[in-house]
Amino acid sequence: MPSVTLVDLIGRVARPSPIERASQIVGIAVVLSERSDATVRALHAWMAAHLAEPKMPSRWWLVDEIPRTSRGKINREAVKTACTGRPALELVRILGEKG
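Cut-offs used in this document
Residues numbered from 1 in each chain as written. Predicted model: local features only at pLDDT ≥ 70, side-chain atom pairs only at ≥ 80, totals over all residues. Heavy atoms only, no water. Helix = DSSP H or I, 4+ residues; strand = E, 2+ residues; numbered from the N terminus. Buried < 20%, exposed > 50% of the residue type's maximum accessible area, 1.4 Å probe, protein only. Areas by Shrake-Rupley, 256 points an atom, 1.4 Å probe, with all protein chains shown as cover. pLDDT = per-residue confidence, 0-100. Core = buried A, V, L, I, M, F, W, Y, C linked by side-chain atoms within 4.5 Å. Contact = heavy atoms within 4.5 Å. Salt bridge = Lys/Arg side-chain N within 4 Å of Asp/Glu carboxyl O. Expected span 1.5 Å × (residues − 1).

Turning next to the overall build of the protein chain. Broken down by element type, the protein chain carries three helices and three strands. Going from N to C terminus, the protein chain has its helices and strands arranged as β-β-α-β-α-α. Across the 99 residues that make up the protein chain, the buried fraction comes to 29%. As displayed, the protein chain has an accessible area near 6,700 Å², and 53% of this comes from carbon and sulfur atoms.

Residue-level pLDDT values for the protein chain average 82, and 82% of them are 70 or greater. For the protein chain, strand E1 (residues 4-14) is the element with the lowest average pLDDT, namely 70, and helix H1 (residues 37-50) is the one with the highest, namely 91.

On to the nonpolar core, then. In terms of nonpolar packing, the biggest core is built from 11 residues, these being Ile28, Val30, Leu32, Val40, Leu43, Met47, Met56, Trp60, Leu62, Leu91 and Ile94. For this core, the secondary structure elements donating two or more residues are strand E2 (24-32), H1, strand E3 (59-62) and helix H3 (91-96). Other than its neighbours up to four places away in sequence, Val40 contacts Leu32, Trp60, Leu62, Leu89, Leu91 and Ile94. Counting residues in each nonpolar core, the second largest holds eight residues, with Ala29, Trp61, Ile66 and Val79 among its members.

On to the pattern of salt bridges, then. Counted according to the given criterion, the structure contains three salt bridges. The partner of Arg93 in a salt bridge is Asp37, and the shortest N-O contact between them spans 3.3 Å. Here Arg93 is found in helix H3, whereas its partner Asp37 is found in helix H1, with 56 residues between them in sequence. The class of Arg93 is partly exposed, set by a relative accessible area of 38%. Owing to a relative accessible area of 25%, Asp37 belongs among the partly exposed residues under this scheme. Among the salt bridges present, the one from Arg93 reaches Glu90, with a minimum N-O distance of 3.5 Å. Judged by its relative accessible area of 52%, Glu90 falls in the exposed class. Residues participating in the shared-partner salt-bridge network are Asp37, Glu90 and Arg93.

Look at H1: 20 Å from first C-alpha to last across 14 residues, which is about the 20 Å you get at 1.5 Å a residue. Every buried residue of H1 is listed here: Thr39, Val40, Arg41, Leu43, His44 and Met47.

This is the structure we're talking about:
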């Protein structure tokens, strides 16, 4: 997808509900060159066509950049901290809109 600059997987972010304590979710941090609901919908459709449902990220965060270590590798802890400290995209609303 040309609008996707970089994606980082934030795996196994625990759900807050004690009832679903054993459940895990998959989240992603996405850097897009074009930030729009249409781009998010297109990326979601592409991912849904290529990933098994359990591997499909259910929480998405749009970020300006993915933090890197001094060696240039993705700093996964910094990404997770940055994303889990703020609300995720409202995917239900975005995917429900057609315009």
